[in-house]
Amino acid sequence: SDHLPVYADYSFAVPNNFNPPYPGSIVFTQVGVDDGSGNNFIEFMTLYNMNLTTLKITSNAIQSDGTISSGNVFDLSYTNWANVPAGTFVRLGANLTDDNDASDRILQYCGDNGYVGTLPNLTSGSNQLIAYTGSTPSPTYYIAGIHWGDLAGWTTSSNAPFNTPSSANIALTSVAADDWYYNGSVNGDLYTVRGVLTTTSNWSSTTTAYHDLTSNI
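Rules behind the numbers
- Residues numbered from 1 in each chain as written.
- Predicted model: local features only at pLDDT ≥ 70, side-chain atom pairs only at ≥ 80, totals over all residues.
- Heavy atoms only, no water.
- Pairing = 2+ DSSP bridges.
- Helix = DSSP H or I, 4+ residues; strand = E, 2+ residues; numbered from the N terminus.
- Axes fitted to C-alpha atoms, helices over the stretch in contact; angles between N-to-C directions.
- Contact = heavy atoms within 4.5 Å.
- Phe/Tyr/Trp six-rings, centres within 6.5 Å; stacked < 30°, edge-to-face > 60°.
- Buried < 20%, exposed > 50% of the residue type's maximum accessible area, 1.4 Å probe, protein only.
- Core = buried A, V, L, I, M, F, W, Y, C linked by side-chain atoms within 4.5 Å.
- Arc of directions from axis to C-beta.

Brief notes about the sheet that holds strand S10 (residues 180-182)
Taken in spatial order, the six strands line up as S6-S5-S2-S1-S10-S11 in an open sheet, and their pairing is mixed. The open sheet has two free edges, formed respectively by strand S6 (106-110) and strand S11 (203-205), since each of these has just one partner strand. Neighbour-to-neighbour, the strand axes of the sheet open up by a mean angle of 25°, direction not taken into account. Two strands pair when backbone bridges link them, and strand S1 (residues 26-32) and strand S2 (residues 41-46) are joined in this way by six bridges, in the antiparallel orientation. Note on S2: the bridge partner recorded for valine 31 is isoleucine 42. Strand contacts of helix H1 (residues 190-197): S1, S2, S10 and S11, with the helix running at about 25° to S1, the strand carrying the most contacts.

The structure is reproduced here in structure tokens:
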């Protein structure tokens, strides 16, 4: 099949359990090619308490059989983020100072090309990011996705269309910009928050990386 599997949301009724990510449990909040110093930047928000060490993020294409191309995958097992509270903004990029204290709602990981924990490579023009768990090339779950720039839709190795990775999908196709951030408030229950975060009209192109969204909560 050329379609990504779409899974129903799992229960979020036990907030004190730090479970692995499931589809729709994170949402991307900022992405870009240039943080002002020529480095890529990625940020996502956790929507419930979770263990992020099983999460992977790739900018690769999806094979027509649903598997992920090898390489260009960031594996969060390089972090110690096993007990991350809901409402945490997770930043991944170069020129960051590693920050493992989520008390201010922000975690940071400095990933530089060529080192352990290399981040996906984003280039000017068109990009996509897909978060998933399980192995590469055969994910267990697709967790969230985003595509932007002049990319008209999700990219697969066969250029075949496929369904959204999960209910946490974002498609920023109205403007061919390289850098984007969510510019709305973050208020309400899990489903309301996920809904506003994935609404395209709530996103803006930017020339500044890592807008502080903690004040939006």
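Digging into the packing of aromatic side chains
Centre distance and the angle of the planes are the two values used to describe a pair of aromatic rings. Evaluated as defined, the whole model comprises five aromatic pairs. Ring geometry for tyrosine 22 against tyrosine 141: centres 5.4 Å apart, planes inclined by 65°, an arrangement best described as edge-to-face. Placement of tyrosine 22 in the segment before S1 and of tyrosine 141 in strand S8 (residues 139-149) is noted, with a sequence separation of 119 residues between them. By relative accessible area, tyrosine 22 is classed as partly exposed at 22%. Classification of tyrosine 141 by relative accessible area gives buried; the value is 16%. Ring centres of tyrosine 182 and tryptophan 203 lie 6.5 Å apart, and the angle between their planes is 70°; this geometry places the pair in the edge-to-face category.

Section: the nonpolar core
One broad rule of soluble globular proteins: the nonpolar side chains tend to lie buried together. Counting 44 residues, the largest nonpolar core has Phe28, Phe44 and Leu92 as the members making the most contacts within it. Looking at this core, the element that brings in the most residues is S8, giving five residues. Residue contacts for phenylalanine 28: discarding those within four places in its chain leaves Ile42, Glu43, Phe44, Ile57, Leu129, Ala131, Ala144, Gly145, Ile146, Ile170 and Trp203. Counting residues in hydrophobic clusters, the runner-up holds five residues, among them Ile68, Ile130, Tyr132 and Tyr142.

Observations concerning the pairing of strand S7 (residues 126-134)
In terms of burial, S7 is largely enclosed, as seven of its nine residues are buried. Pairing of strand S3 (residues 55-58) with S7, which is carried by four bridges, proceeds in the antiparallel orientation. Looking at S7, one finds that threonine 58 is bridged to isoleucine 130. Taking the residues that link successive antiparallel strands as the turn, the S7-S8 hairpin has four residues.

Quick notes on H1
Turning to H1, its buried residues are Leu190, Val193, Arg194 and Leu197. Projected onto a plane normal to the axis of H1, the buried residues spread over an arc of 95° and lie on a single side.

In short, shape yes, function no, at least from these values alone.
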